[in-house]
Every structure is written in C-alpha cells, then in structure tokens.
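# Structural overview for review
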Amino acid sequence: CPACPDRFELVVVDDQSSDRTWEIISDDSAGGVAVDPRMVPVRGGSRDGADWKGKNWAVWQGFLKATGDVLIFMDGDVILQNGALESLLHRFFARDSVWLTVCCFS
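These numbers come from a predicted model, not from an experiment.

This part covers the overall build of the protein chain. The secondary structure content of the protein chain amounts to three helices and four strands. Put simply, the protein chain runs from its N terminus to its C terminus through helices and strands in the order β-α-β-β-β-α-α. The burial tally for the protein chain puts 19% of its 106 residues in the buried class. Residue pairs at least 24 apart in sequence account for 45% of intrachain contacts in the protein chain once pairs closer than 6 positions are excluded. If you sum the accessible surface of the protein chain, you get close to 8,300 Å²; carbon and sulfur atoms cover 53% of it.

This part covers the packing of aromatic side chains. Per the stated rule, a full pass over the model turns up two aromatic pairs. Ring centres of Phe92 and Phe93 lie 5.3 Å apart, and the angle between their planes is 85°; on these two criteria the pair is classed as edge-to-face. The exposure class of Phe93 is partly exposed, given its relative accessible area of 38%.

Quick look at helix α2 (residues 55–65) now. For α2, the set of buried residues is Trp57, Ala58, Gln61 and Gly62. Projected onto a plane normal to the axis of α2, the buried residues spread over an arc of 135° and lie on a single side. In this structure, α2 carries Asn56 and Leu64 as exposed residues pointing more than 90 degrees from its buried face. Looking at the buried residues of α2, the elements they touch are β1 (10–14) and β4 (39–43).

This paragraph deals with the environment of Val59. In this fold, Val59 is placed in helix α2. Exposure remark for Val59: the relative accessible area of 27% places this residue in the partly exposed category. Separated by 46 residues in sequence, Val59 and Val13 place their C-alpha atoms 7.7 Å apart.

Attention shifts here to a nonpolar patch on the surface. Together, Trp60, Phe63, Leu64, Leu71 and Phe73 give the surface a local cluster of nonpolar side chains, amounting to about 510 Å² of exposed area. With respect to the helices and strands, the residue Trp60 is situated in helix α2.

Right, let's talk about the side chain of Asp14 for a bit. In this fold, Asp14 is placed in strand β1. With a relative accessible area of 4%, Asp14 lands in the buried category. Each residue touching Asp14, except ones within four places of it in the same chain, is listed here: Thr21, Trp22, Val42, Arg43 and Gly44.

Our next topic: the pattern of salt bridges. Applying the stated criterion to the full structure yields one salt bridge. The partner of Asp14 in a salt bridge is Arg43, with the nearest N and O atoms 3.7 Å apart. Of this pair, Asp14 sits in strand β1 while Arg43 sits in strand β4, placing them 29 residues apart in sequence.

We now examine the confidence of the model for the protein chain. Scored by pLDDT, the protein chain has a mean of 75; 74% of the residues are at 70 or more. No element of the protein chain has a lower mean pLDDT than strand β3 (residues 33–34), which averages 57, and none a higher one than α2, which averages 85.

Cut-offs applied
- Residues numbered from 1 in each chain as written.
- Predicted model: local features only at pLDDT ≥ 70, side-chain atom pairs only at ≥ 80, totals over all residues.
- Heavy atoms only, no water.
- Helix = DSSP H or I, 4+ residues; strand = E, 2+ residues; numbered from the N terminus.
- Buried < 20%, exposed > 50% of the residue type's maximum accessible area, 1.4 Å probe, protein only.
- Contact = heavy atoms within 4.5 Å.
- Areas by Shrake-Rupley, 256 points an atom, 1.4 Å probe, with all protein chains shown as cover.
- Phe/Tyr/Trp six-rings, centres within 6.5 Å; stacked < 30°, edge-to-face > 60°.
- Arc of directions from axis to C-beta.
- Patch = residues over 30% accessible without salt bridge, like charges linked within 9 Å, V, L, I, M, F, W, Y side chains within 5 Å.
- Salt bridge = Lys/Arg side-chain N within 4 Å of Asp/Glu carboxyl O.
- pLDDT = per-residue confidence, 0-100.

What follows is the structure, given as structure tokens:
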C-alpha cells in the first residue's frame, strides 16, 4: 500500500530561523537524535560558505537526505486534517502522477 501511514520518513530541516525548529525536533544533548524514529532531522547549513538560507535552501537540503519515492514539501506552520496525507497520496498514485501541487486555504 503506497499510501500506508507507517511507510514514511519525515525529513525536517532547520533553516536556522528563530522558530526553535532544531530544539523542537531533536534532542540536542544527544547530538541531534530524532524524537521520532521516522524523523530525519537536518541542521541546515550554509551553501559553499555563502550565507544562503530560507525555504529554497531548506527544501534542497531535505531533498538530499530523503530516501523515499515520493516527496511532499510543506511549511512548518501547516496543520493537516486526519487522513490528509493518505488522501493526497491516493490521488497521486491513482493518477500515475509525476508531481502534484495542493493549495489549502482556510
């Protein structure tokens, strides 16, 4: 089942903003061990010595760490309803999609 909720990894990238992402997703005293075993915490860094930060750089770093076949990118302030990811993946696979863009408004 490609949309099964137990078959995923959650790559969370700290883009070095002031929102305490790293503190929330990791146990810094243990060297950055993920709170959930399915989570892959990534401490965002600079690019080739440049001070490149922000969403584009965070997405790229997350992509490099991901091992799955399907990548879903979202901001940290997104709140999903129960079953939202399963529904999204069902539509993705039913349409034999290469990519799918979803916009949510409340």
